[in-house]
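What follows is the residue order along each chain.
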Amino acid sequence: MKRIHHFLGWLSQAAFLLIMSSASGAAVLSIPDQPLISTSSVTPLVLLDISKDQQLYKKAYNDYSDLDGDGQLDTTYKNSIDYYGYFDSYKCYNYTSGVFVPSTVTSTKYCSGNWSGNFLNWVTMTRIDEVRKLLYGGKRSTDGTGASGTTVLQRSYLPTDAHSWAKYYNGSDISQLTPFTVSTSPTAVTGTSSSSINLATLSLPATVTLTVSPTTSFAYGDQVVLQGSSGNYLVGAVSCVNGSGISMYNSLVSSADSCGTGKINVVVESKSTGATGSYTSWSVYDWTQTGMTFCNTTLGDFSGSSGNQYSQTNTNPPLMRVAKGNFALW
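We now turn to the structure provided with this report. (Residues numbered from 1 in each chain as written. Predicted model: local features only at pLDDT ≥ 70, side-chain atom pairs only at ≥ 80, totals over all residues. Heavy atoms only, no water.)

A few words now on the sheet that holds strand 1 (residues 91-96). Strand order in this open sheet of three strands is 2-1-3, and the pairing throughout is antiparallel. Strands at the two margins of the open sheet, each flanked by one partner only, are strand 2 (99-105) and strand 3 (115-116). In this structure, strand 1 lies alongside strand 3, joined through two bridges in antiparallel fashion. Residue pairing across strands places C92 opposite S116, the latter belonging to strand 3. (Pairing = 2+ DSSP bridges. Helix = DSSP H or I, 4+ residues; strand = E, 2+ residues; numbered from the N terminus.)

Looking now at the packing of aromatic side chains. Counted under the stated rule, the structure contains 16 aromatic pairs. Ring geometry for Y77 and F119: centres 5.1 Å apart, planes at 75 degrees, overall edge-to-face. Linking Y77 in the loop between helix 1 (2-27) and strand 1 with F119 in helix 2 (residues 117-124), this pair joins segments that are 42 residues apart in sequence. With respect to burial, Y77 and F119 carry one shared label: buried. Relative to W115, the ring of F100 has its centre 5.9 Å away and its plane inclined at 85 degrees; by these criteria the two rings are edge-to-face. (Phe/Tyr/Trp six-rings, centres within 6.5 Å; stacked < 30°, edge-to-face > 60°. Buried < 20%, exposed > 50% of the residue type's maximum accessible area, 1.4 Å probe, protein only.)

Our focus in this paragraph is helix 3 (residues 127-136). Those residues of helix 3 not exposed but buried are I128, D129, E130 and R132. Of the surrounding elements, those touching the buried residues of helix 3 are helix 2. Of the residues one or two after helix 3, G137 is the one with positive phi, at around 90 degrees. (Contact = heavy atoms within 4.5 Å.)

For the structure on display, the rule yields six salt bridges. Put simply, D143 and R140 hold a salt bridge, and the shortest N to O gap is 3.6 Å. Residue D143 is classed as exposed on the basis of its relative accessible area, which comes to 54%. On the basis of relative accessible area, R140 is assigned to the partly exposed category, the value being 40%. Through salt bridges with shared partners, a single ionic network connects D68, D70, D74 and K78. (Salt bridge = Lys/Arg side-chain N within 4 Å of Asp/Glu carboxyl O.)

The next thing to look at is the side chain of D63. Within the secondary structure layout, D63 lies in the loop between helix 1 and strand 1. Here W122 takes part through its side chain, which lies 3.1 Å from a polar atom of the side chain of D63. Every residue in contact with D63, bar those within four places of it in the chain, is listed here: D74, T75, T76, W122 and K167. (Polar contact = N/O pair within 3.5 Å; in protein donor to acceptor, adjacent residues only side chain to side chain.)

On to the layout of surface pockets, then. Roughly 790 Å³ of volume is contained in the largest pocket. Around the largest pocket, the lining comprises 26 residues; the ones closest to its centre are F87, G98, V99, F100 and L153. Elements represented by at least two residues in the lining of the largest pocket include exactly strand 1, strand 2, strand 5 (152-153) and strand 15 (319-324). It is strand 2 that contributes the most residues to the lining of the largest pocket, four residues altogether. (1 Å grid on protein atoms, 1.4 Å probe; cavity = no way out; pocket = protein on both sides within 12 Å on 5 of 7 lines; lining within 4 Å. Points joined across faces, edges and corners; volume = space filled by probe spheres on them.)

Residue P205 is bonded to the preceding L204 through a cis peptide linkage, with omega at 0 degrees. In this fold, P205 is placed in the loop between strand 7 (189-198) and strand 8 (206-212). Following S213, the chain continues to P214 via a peptide bond in cis, the omega torsion being 0 degrees. Considering the arrangement of structural elements, one finds P214 in the loop between strand 8 and strand 9 (223-227).

Purely geometric stuff here, so don't read any function into it on its own.
Pasting the structure below:
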């Protein structure tokens, strides 16, 4: 047994020496840092081969990912997350002469009367913008030089297809992220129907005509809730405002809808479970007119000789347009 043990010990030492010998031999190898067939000196470079897939040109933050790893999908802007992009998450920006200019520093990512850089990254960045920022600081439309030079970064071109997008936000902190103050929940407007509507027997879909004041609170296509005094409700879309309407693809509306002056038509598609009661007076809540929508695209021309009617020659800058209300499906 002693001999076997001694032999195994020797074998282990031999293997160890063999490994050390091999490692020592590898250390003296001279690996060239330039092409073997080159006859002149070449500076060593690192080449990054990045796929130019069209997915890179879509929005960076898709609102169905768990960005902070807390087990919950981040379906809207979340101030606790630092959104990467061209804007500094801890600076506030003013929009001046067509560009965003940093104005103040913020430790909370909230701003007063101007734009939060963190929020702008969530709203505007594409995936290719993130790559460009990471590799070389971003795409420069103006490359300033010297101490007084101004450098302007411009995000990626956004063709008017699936690569354009809208972001909707309805958080209570919207006035701390943008220069705007908007309602985040609808105010009830009283609507009166000319005849009593029985919720239990109402066959859907149905068009309900209501007299409201003011009609300027509503627009075509707005999603509204009609609530009776008992809390039961109807849900539908506005198809006519103040006497004139729009064509809608609906079995009840085959051409331009029409209603009386001072009235709206609502095409009702659903109602609360077990809805009962008959009403002529309703509390009308317009959920489309809450929050803000940010539309991101590059506008082109329908015709002309400027070349902007073609995506490959369009030189217009990408825009962000802001609208009051929910136009997430724009």
